[in-house]
Amino acid sequence: MSEHIVKLPLGLVKIRLERTGLNLADRGGFEAEWVNKGLALSEESFLAIVKKYLKELYLQQQYKEPSAIMLNLAAHQLLDDLKGWCKLNATNQS
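Looking at the pattern of salt bridges
- Applying the stated criterion to the full structure yields eight salt bridges.
- With a closest N to O distance of 4.0 Å, E33 and K14 form a salt bridge. In this pair, E33 is assigned in strand β3 (residues 30–35) and K14 in strand β2 (residues 11–17), connecting sequence segments 19 residues apart.
- For E33, a relative accessible area of 32% corresponds to the partly exposed category.
- With a shortest N-O distance of 3.3 Å, R16 and E31 are connected by a salt bridge. Of the two residues, R16 sits in strand β2 while E31 sits in strand β3, which places them 15 residues apart along the sequence.
- Its relative accessible area of 14% is what places R16 among the buried residues.
- Ionic contacts of the salt-bridge type, sharing partners, join the residues E3, K14, R16, E31 and E33 into one network.

Quick look at the structure:
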């Protein structure tokens, strides 16, 4: 399980990626928690990591490359879900 600290609009978040596929009906795919410090990635840098992670996951499951549009949609969906988590949990920041 990969773990990253990402700077999002509401603060720093430690994220563990746990997505099981690129199916857009499967929301989430991460565990997150607020952190106060750490070397943080930008959203753009994290999105590149998410795309690589999802591509490798798809290759393991389907034995072929995912389409660029499917990969892009799934990666952006995960980032949107993470931003939603931030809004829902803004009062729980350390």
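What follows picks up the thread again.
What about unusual backbone geometry?
- Look at Y63: it is not a glycine, yet its phi comes out positive at around 60°.
- With respect to the helices, strands and loops of the structure, Y63 is situated in the loop between α1 (43–62) and α2 (68–88).

A short note on the sheet that holds β2
- Spatially, β1-β2-β3 is the arrangement adopted by the three strands of the open sheet, whose pairing is antiparallel. Where the open sheet ends on each side, the last strands, each with one partner, are β1 (3–8) and β3. Neighbour to neighbour, the strand axes of the sheet diverge by 30° on average, direction disregarded.
- Examined bridge by bridge, β2 and β3 share six bridges and lie antiparallel to one another. Bridge pairing in β3 places L12 opposite V35.
- Of the strands in this sheet, β1 and β2 touch α1, which is tilted by about 145° from β1.
- Sheet contacts for α2: β1, β2 and β3; angle to β3, the most-contacted strand, approximately 45°.

Rules of the game
Residues numbered from 1 in each chain as written. Predicted model: local features only at pLDDT ≥ 70, side-chain atom pairs only at ≥ 80, totals over all residues. Heavy atoms only, no water. Salt bridge = Lys/Arg side-chain N within 4 Å of Asp/Glu carboxyl O. Helix = DSSP H or I, 4+ residues; strand = E, 2+ residues; numbered from the N terminus. Buried < 20%, exposed > 50% of the residue type's maximum accessible area, 1.4 Å probe, protein only. Pairing = 2+ DSSP bridges. Axes fitted to C-alpha atoms, helices over the stretch in contact; angles between N-to-C directions. Contact = heavy atoms within 4.5 Å.

The values reported here are purely geometric and, on their own, carry no functional implication.
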